[in-house]
Every structure is written in C-alpha cells, then in structure tokens.
Amino acid sequence: LRLERDLRQALQRSSLQVYYQPKLCLRLNRITQAEALVRWPHPQDGMISPGIFVPLAEETGLIWALGEQVLYESCCQIAAWCAQGLEIKVAVNISAHQLRNDKLVDLVQKILAETQAPPHLLELELTESCLMEDASATRDIMHRLRNLGITLAIDDFGTGYSSLGYLQRFPVDVLKIDRCFLQEITSDEQPGTLTRAIVALGHGLGLHVVGEGVETAAQIAFLRRLHCDFAQGYYISPPVPATEFVQVLQDWQ
Ligand code: G
Ligand code: G
Ligand code: MN
Ligand code: NA
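What counts and what doesn't
Along each chain, numbering runs from 1 in the same order as the chain's sequence is written. Each chain takes a letter, starting from A, and each ligand takes a number, starting from 1, following the order in which they are written. Only residues with pLDDT of 70 or above have their local features reported here, since the model is predicted, and side-chain atom pairs are shown and tallied only from 80 upward, although totals for entire chains, interfaces and linings are computed over all residues. Starting at the N terminus, helices and strands are each numbered in turn, a helix being any DSSP run of H or I of at least four residues and a strand any DSSP run of E of at least two. Values of the radius of gyration come from C-alpha atoms, whereas the globule rule sets the reference at 2.2 Å times the count of residues to the power 0.38. Any residue surrounded by 20 or more other C-beta atoms within 10 Å of its C-beta is treated as buried, while 12 or fewer makes it exposed and the intermediate range makes it partly exposed; C-beta atoms here are placed from the backbone. It is the C-beta atoms, placed from the backbone, that decide contacts: two residues are in contact if theirs lie within 7 Å. Per-residue confidence from the predictor is given as pLDDT, running between 0 and 100. Strands were regarded as paired on the criterion that DSSP finds at least two bridges between them. For each residue, a C-beta atom is placed from the backbone, and the residue is labelled near a molecule or strand when this atom is within 6 Å of it. Ten residue types, Ala, Val, Leu, Ile, Met, Phe, Trp, Tyr, Cys and Pro, are classed as nonpolar, four, Asp, Glu, Lys and Arg, as charged, and the remainder, Gly among them, as polar. Consider the strands pointing away from the viewer: the crossover is right-handed when the path from the first strand over the helix to the second runs clockwise. For every element, the axis is a line fit to its C-alpha atoms; helices are fit only across the contacting stretch, and the angle between N-to-C directions ranges from 0 to 180 degrees. Rotating anticlockwise by less than a right angle from the far helix to the near helix defines a left-handed crossing, while the corresponding clockwise rotation defines a right-handed one.

Taking an unreviewed UniProt entry as the reference, the protein chain is identified by name as cyclic-guanylate-specific phosphodiesterase belonging to Allopseudospirillum japonicum.

Right under this line is the structure:
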C-alpha cells in the first residue's frame, strides 16, 4: 500500500528514469538499437526493479501513466540522439494491459508528433501473452500501430504457451529469443538446438531475430554463426542512463 502511494507520487512528479540497454547489430558489429527499461529511484528503498513495480502498476491501473511517461521519455531521447547525428532505434516494453486499450494507437501517434521522433526508430516489445486474449481486437491495434511506421517485436519468445500459428496471424517484425535459451550455451561445444531453431523460424518468416541475455563471448560467437541479427546482454552492456550510452557505443566501435 505504501509502495502504491509512492509509485503514484513518483508518476505525478515524473521521477521514474529510463535506462537504455544497447543492442549490437551483428552484421555491422555496431550498436544501432537499444531497449528502454524503466527504473524507479525510491527515496528510502534505493533503485527499485521494474520486476516489482510494473506488476504493481498493472494491478492498480497506474500502468497507463507509467507507459505514457516511458514512451514520451524514449521518444524525446530518440529525437535528441537524432539531433546529435545518431540514429538509434529504441524499443519500449508494452504490457498486455496497454495493448488492450485502443487509445494506445492515439497515444503513440501523439507522442511521435510532439517529440518529432522518426517513427522508424521506435519499436514496441510485446510479450506472447499480449497476443493470447481477444485476437482480432489485438491484431487490429497492431496493424494500426504498424501503420504509424513503427515496428513490433515479440519479447521473451519461446516461453509463452502460445501456438506458433500466431506468428503468421499477427503483424510482427522481430523475435527476441528469451534469455533462458542462450543460457545453455556455455562453450563452443554446446548444441543450442532451440536457439538455432528459433533463429531459423524467425528468418523463415522474414523477421529479424535478437538474442537476449548474452553474457559470454561463446554465446555471442554462437549467435554470429547462426546469422542472428542482434545481440543484447550484459556481455555487451547492462542497461545504462542515456548520458552513458554514447560512451558504450564508442567502446564498441
Ligand atoms: O530491467 P529489468 O530486467 O529489471 O526489467 C524487468 C522486467 O520489467 C522486464 O520483463 C521488462 O520487460 C519489464 N519492463 C521494464 N521496463 C518496462 C516498461 O517501461 N514497461 C513495461 N510494461 N515493462 C517494463
Ligand atoms: O523481459 P525483458 O526482456 O524486457 O527483460 C529485460 C531485462 O533483462 C532487463 O531488466 C535487464 O536488466 C535484464 N537483462 C539484460 N541483459 C541481461 C543478461 O545478460 N543477463 C540477465 N540475466 N539479465 C539481463
Ligand atoms: Mn523487453
Ligand atoms: Na526479454
């Protein structure tokens, strides 16, 4: 209850922060994208993880305000990087609660217009569970979002309980392989059968594929051999504040 009150206050004061985790383009060997990850610097409890307060925000209806602030902040950052001559595509996490509301399309359109962020530099990350409920309404919202010029990714791919059929029914551009699949790759001898299969599946459908949770050189080498498109994880960089992002970008150049 205290946490809910504090979160409400943090949203009123716009005190949530957005960190950016780089994604390495494996073809160019450069950082060209990032995932926006919200952070809450709590006055007493220190930095609180979204793993704790995003579910709270979903239960209390605060997720709409939270999502709006993260989208706005991310689009401002896209525009700020563009002004510095940096084209960084930013992916924002969207929860099922937000996708269910068809005001999401208007919100994204309004924020793109206000911030002047180029739509092709914004991606939304949806989880498989987003696609389970009310398929036709969700598909309609996804088509309208894509008509704004943005792209859509499926996050944590392979951990949902969905049938694979939805990949052909919903308009998606990117698959993000859940980090549990890469964890089994501990040396070059390891098979990584599921990772290999997911990359082939994604490419077969004409999608880009992102390997998540890359923590070792062996894992990134494995993704390169599979011609996976992007790698994301602590081996490349943890999520960092925008002020540190350009340094990480240069370190990888
Ligand atoms: O950053 P971290 O690994 O602690 O994130 C934990 C979870 O919180 C992840 O599943 C991530 O997708 C989710 N998350 C992070 N930022 C946001 C956000 O802005 N909106 C939503 N809906 N989820 C987020
Ligand atoms: O569910 P989602 O994929 O949005 O979650 C992203 C979360 O994964 C972020 O909160 C981030 O802190 C975490 N993360 C990012 N890279 C790594 C990694 O290499 N290993 C692990 N264990 N977690 C990671
Ligand atoms: Mn994500
Ligand atoms: Na993920």
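**Let's talk about the overall build of the protein chain**
Counting its regular elements, the protein chain contains 11 helices and 10 strands. The globule rule puts the C-alpha radius of gyration for 253 residues at 18 Å, and the 18 Å found for the protein chain is close to it. Across its three principal directions, the C-alpha atoms of the protein chain cover 50 × 45 × 40 Å. By the burial criterion, 35% of the 253 residues in the protein chain qualify as buried. Considering only intrachain contacts with a sequence separation of at least 6, the fraction spanning at least 24 residues in the protein chain is 65%.

**Examining the confidence of the model for the protein chain**
Per-chain confidence: the protein chain averages 94 in pLDDT, with 98% of residues scoring 70 or above. As scored by the predictor, the complex reaches a pTM of 0.97 and an ipTM of 0.97.

**Section: the pairing of strand E4 (residues 89-93)**
A regular strand carries its side chains on alternate faces of the sheet. Burial within E4 is extensive, with 4 of its 5 residues counted as buried. Strand direction decides the pairing type here: strand E2 (residues 30-42) and E4, joined by 4 bridges, are parallel. Considered in E4, the bridge of Ala34 is made with Val90. Taken together, the 4 bridges between E4 and strand E5 (residues 122-127) define a ladder with parallel strand orientation. Pairing of Ala91 across the sheet is with Glu123, part of E5.

**Overview of the site of ligand 2**
Contacts to ligand 2 come from 13 residues, most closely from Leu37, Gly213, Glu215, Gly233 and Tyr234. Of the residues in the shell around ligand 2, the class split is 4 nonpolar, 4 polar and 5 charged.

**A word on the pairing of strand E8 (residues 208-211)**
By the bridge criterion, 4 bridges tie strand E7 (residues 174-177) to E8 in an arrangement that is parallel. The residue of E8 that forms the bridge with Lys176 is Val210. For E8 and strand E9 (residues 230-231), the ladder comprises 2 bridges, and the chain directions are parallel. Considered in E9, the bridge of Gly211 is made with Ala231. The β-α-β motif built from E8, the intervening helix H10 (residues 217-225) and the parallel element E9 has right-handed crossover chirality.

**Re the site of ligand 1**
Near ligand 1, the surroundings consist of Leu37, Val38, Ser49, Pro50, Gly51, Val54, Gly67, Val70, Asn93, Ile94, Ser95 and Pro239. Of all the secondary-structure elements, those providing two or more residues to the shell around ligand 1 are E2, helix H2 (50-60) and helix H3 (63-83). With 3 residues, H2 is the single largest residue contributor to the shell around ligand 1. Here the shell around ligand 1 is built from residues that sort into 7 nonpolar, 5 polar and no charged.

**A closer look at unusual backbone geometry**
Even without being a glycine, Asn29 presents a positive backbone phi close to 55°. Here Asn29 lies in the loop between strand E1 (17-25) and E2. C-beta crowding within 10 Å serves as the criterion here: with 10 such atoms nearby, Asn29 is assigned to the exposed category. In this model, Asp156 sits at a positive phi of 50°, which is unusual for a non-glycine residue. Asp156 gets classed as partly exposed once you count the C-beta atoms within 10 Å, which come to 17.

**Notes on the packing of H3 against helix H5 (residues 103-115)**
One way to put it is that H3 packs onto H5 with a least axis distance of 9 Å and a crossing angle of 35°. The crossing of H3 and H5 is right-handed. Packed against H3, whose contacting residues are Glu68, Leu71, Tyr72, Cys75, Cys76 and Ala79, the element H5 presents Leu107, Val108, Ile111, Leu112 and Thr115 at the interface. A breakdown of the residues in the contact of H3 with H5 according to their chemical character gives 9 nonpolar, 1 polar and 1 charged.

**Re the environment of Glu58**
On the secondary structure map, Glu58 appears in helix H2. Residue class for Glu58 comes out partly exposed when judged on the 16 C-beta atoms lying within 10 Å of it. C-alpha separation for the pair Glu58 and Ser95, spaced 37 residues apart in sequence, amounts to 8.1 Å. With sequence-adjacent residues up to four places away left out, Glu58 is seen in contact with Ile63, Ser95 and His97.

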